[in-house]
Structure formats: structure tokens, C-alpha cells
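One-letter residues, chain by chain:
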Amino acid sequence: MTTSNPVAEDTVDDLPPGTTPYYARMHKWIKRAVLVCLVALVVEGAFTLPFMAVYYGYPTLSLTEICSELLKVRYSDDTLECKFPYPPLGPPEGAEGKDTAQDQWGIQPTPKYHRIGFRELVRIHDERVARQGH
């Protein structure tokens, strides 16, 4: 009495390298699951930036102004500005402001800036412009 193989002998040559007939079905489902996860990550990334931009105040502030305000809050330095277009051989983004950050550095750094709320960057930006206008 012979036992039948789940994959026919003639399809063994069609399997990808490194896949045995016993694990062929499992590999097929793993490939499908990985493809679904990759598509989900791309879709999530496509929707994250627009929603974050609106959260921080996009229609009122441009994306460059939002970037500059986030740098100013993060590094506690009102002189920092995002550069667009960024110089190809320039320092890493935010490296110039790291000295002014009031964070507690260590194995797990603790930020000392407050959490930015919905469209709070607009208020912070308007207050900064008003202070600089005097």
C-alpha cells in the first residue's frame, strides 16, 4: 500500500527553490499573508501624512512651516528652520538643534516638551510671530 503525496510528483519541479512538497501549501499562504501586510502598510502610509498634516494645521501652515514649528518645539530653539530643498551634503535633519534640546538623555531618552494637541502649532506659530513683531 502506498501513501499519496499531497502534491503530485509532476509538480515537484514547479516548486520554488528550497520548498519541499510537504511545505508548499504553507509557503503559498505565507506569501499571500506577507503581500496583504505590505499592501496594508502602503495604504496606511498613504493616509497617515495627510491626516497628520491636517492635525498639525496644514491649511493654515504650509508643510515647511509645520516642519519648522515641530523643530522649534522639539529642540527649544526659535531659530531653527526646515530647509527646502534640503542640501544634498548637509547635516542630518535636526542635528544642528540637538544641543539646545532640554530632553533627559540616557538609555531611554525622556522628552521635556509638551505633547502637541490638535492644531496647536497654529497657535504656537501665531504667538511666535506676534512676539517677533514687537
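Residues numbered from 1 in each chain as written. Predicted model: local features only at pLDDT ≥ 70, side-chain atom pairs only at ≥ 80, totals over all residues. Heavy atoms only, no water.

Student: Outline the state of the cysteines, listing residues and values.
Tutor: Applying the stated criterion across every chain yields a total of one disulfide. With its sulfur 1.8 Å from that of its partner, Cys 67 forms a disulfide with Cys 82. What sets the handedness of the Cys 67 and Cys 82 disulfide is the S-S torsion sign, and at about -70 degrees it is left-handed. Taken together, the residues span a long stretch of sequence, with Cys 67 in helix α2 (residues 63–75) and Cys 82 in the loop between α2 and α3 (120–133) at a distance of 15 residues. For Cys 82, a relative accessible area of 12% puts it in the buried group. (Disulfide = S-S within 2.5 Å. Helix = DSSP H or I, 4+ residues; strand = E, 2+ residues; numbered from the N terminus. Buried < 20%, exposed > 50% of the residue type's maximum accessible area, 1.4 Å probe, protein only.)

Student: Describe the nonpolar core, and please don't skip the residues or the numbers.
Tutor: Tyr 56, Leu 61, Ile 66, Val 73, Ile 116, Leu 121, Val 122 and Ile 124 together form the largest nonpolar core, which totals eight residues. Looking at this core, the elements with two or more residues in it are α2 and α3. Sort the elements by how many residues they give to this core and α3 lands first, with three residues. Once you skip the residues sitting within four places of it in the chain, Ile 66 turns out to touch Ala 53, Tyr 56, Gly 57, Tyr 58, Leu 61 and Leu 121. Grouped together as the second largest cluster of nonpolar side chains are five residues, Leu 71, Tyr 75, Cys 82 and Ala 101 included. (Core = buried A, V, L, I, M, F, W, Y, C linked by side-chain atoms within 4.5 Å. Contact = heavy atoms within 4.5 Å.)

Student: Can you tell me about the UniProt feature "transmembrane region" (unreviewed entry) in the chain, naming the residues and giving the values?
Tutor: Within the UniProt annotation, "transmembrane region" (unreviewed entry) is assigned to residues 33–58. A distance of 35 Å separates the end C-alpha atoms of residues 33–58, which is 92% helix and 0% strand. (UniProt positions renumbered as here; feature names shortened; annotations may be inferred.)

Student: Which residues make up the pattern of salt bridges, and what values go with them?
Tutor: Counted under the stated rule, the structure contains six salt bridges. In this structure, Arg 128 engages Glu 69 in a salt bridge whose closest nitrogen and oxygen atoms are separated by 2.3 Å. Of the two residues, Arg 128 sits in helix α3 while Glu 69 sits in helix α2, which places them 59 residues apart along the sequence. For Arg 128, a relative accessible area of 6% translates into the label buried. Glu 127 is the partner of Arg 123 in a salt bridge, and the nearest nitrogen-oxygen pair spans 3.0 Å. Separated by four residues within a single helix, Arg 123 and Glu 127 lie in helix α3, roughly one turn from each other. Linked by salt bridges that have partners in common, Glu 69, Asp 78, Arg 128 and Arg 131 make up one network. (Salt bridge = Lys/Arg side-chain N within 4 Å of Asp/Glu carboxyl O.)

Student: Quick rundown of the environment of Ala 95? Include the residues and the values.
Tutor: Mapped onto the fold, Ala 95 is located in the loop between α2 and α3. Using a relative accessible area of 39% as the deciding quantity, one classes Ala 95 as partly exposed. Sequence separation between Ala 95 and Tyr 75 is 20 residues; the distance between their C-alpha atoms is 9.9 Å.

Student: Could you give an account of the confidence of the model for the chain, with specific residues and numbers?
Tutor: Reading fine detail from the predicted coordinates is not recommended where pLDDT is low. Per-residue confidence for the chain gives a mean pLDDT of 85, with 90% of residues at or over 70. Taken element by element, the predicted model of the chain shows its lowest mean pLDDT in α2 (90) and its highest in helix α1 (residues 24–56) (93). (pLDDT = per-residue confidence, 0-100.)

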